[in-house]
Amino acid sequence: MDNDLIREMFDSLGDITIKRMFGGKGIYHKGVILALEVDGEILLKADGVSAPQFEDAGSAQWTYAGKKKPVAMPYWSIPDAAIDDPEEMARWVRFAWEAALRAKS
């Protein structure tokens with residue numbers, strides 16, 4: 001995914017940094033990772049507080065094939081309702097930022 005498009009998606013936070021990592025990109029705000037770009041898809045950080053909201057909105061949790069079984073990561077797809085709605089996107093980006101801050105603590 002194009003970095004300018006990623007920046008537009010996270011515009012509600014202000015400045016973000018995008019770094020290449022394991023074949024994708026890490027998306028950071030104030031030095032804290034809050035999202036990933038994997039295979040052209042943006043995945044937002046969630047935790048025990050926010051993951052139920054992502055699930056209720058129809059988002060999918062990112063998993064990858066581990067050695068013995070799939071490994072679930074704390075990143076979720078963007079809800080469909082947020083894709084073309086900047087205000088809705090800002091809401092989900094805020095959830096990701098809050099989860100990132102809780103994880104950092």
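Structure's up top.
A few points on the structure. (Residues numbered from 1 in each chain as written. Predicted model: local features only at pLDDT ≥ 70, side-chain atom pairs only at ≥ 80, totals over all residues. Heavy atoms only, no water.)

**Comments concerning the overall build of the chain**
What the chain contains, in helices and strands, is four helices and six strands. Counting helices and strands in the order they occur from the N terminus, the chain gives α-β-β-β-β-α-β-β-α-α. Relative to the globule expectation of 13 Å for 105 residues, the C-alpha radius of gyration of the chain, 13 Å, shows essentially globular dimensions. With the C-alpha coordinates of the chain rotated into their principal frame, the extents come out at 40 × 30 × 30 Å. (Helix = DSSP H or I, 4+ residues; strand = E, 2+ residues; numbered from the N terminus. Rg over C-alpha atoms; globule rule 2.2 N^0.38 Å.)

**Considerations on the side chain of His-29**
Tracing the chain through its elements places His-29 in strand E2 (residues 24–29). Residue His-29 is classed as buried on the basis of its relative accessible area of 6%. Filtering out sequence-adjacent residues up to four positions away, His-29 remains in contact with Leu-13, Asp-15, Ile-16, Leu-34 and Trp-97. (Buried < 20%, exposed > 50% of the residue type's maximum accessible area, 1.4 Å probe, protein only. Contact = heavy atoms within 4.5 Å.)

**What to know about unusual backbone geometry**
Phi at Phe-22 is positive, roughly 25 degrees, even though this residue is not glycine. Mapped onto the fold, Phe-22 is located in the loop between strand E1 (17–21) and E2. Overall, Phe-22 belongs to the exposed group, its relative accessible area being 56%.

**Observations regarding the side chain of Glu-88**
As for its position among the elements, Glu-88 is in helix H4 (residues 86–104). Contact partners of Glu-88, with chain neighbours within four places excluded, come to Ala-81 and Ala-82.

**Regarding the pairing of E1**
As paired strands, E1 and E2 are joined by five bridges and run antiparallel to one another. Across the sheet, Lys-19 pairs through a bridge with Gly-26, a residue of E2. Counting the residues in the hairpin turn of E1 and E2 gives two residues, including Phe-22, whose phi is positive at 25 degrees. (Pairing = 2+ DSSP bridges.)

**A word on the packing of aromatic side chains**
Going through the model one piece at a time under the given rule, you end up with five aromatic pairs. Measuring from centroid to centroid gives 6.5 Å for Phe-22 and Trp-62, while their planes differ by 10 degrees, and the two rings are stacked. Taken together, the residues span a long stretch of sequence, with Phe-22 in the loop between E1 and E2 and Trp-62 in strand E5 (residues 61–65) at a distance of 40 residues. The interplanar angle of 45 degrees and the centroid separation of 6.2 Å between the aromatic rings of Trp-62 and Tyr-64 together place this pair among those described as tilted. The structure contains a cluster of three or more aromatic residues connected by ring pairs, namely Phe-54, Trp-76, Trp-92 and Phe-95. (Phe/Tyr/Trp six-rings, centres within 6.5 Å; stacked < 30°, edge-to-face > 60°.)

**What to know about the pairing of E2**
Burial within E2 is extensive, with six of its six residues counted as buried. Of the pairings in the sheet, the one linking E2 to strand E3 (residues 32–38) comprises five bridges and is antiparallel in character. Bridge pairing in E3 links Ile-27 to Ala-35. Where E2 hands over to E3, the hairpin turn is made up of two residues, of which Lys-30 adopts a positive phi near 55 degrees.

Geometry only, nothing functional implied.
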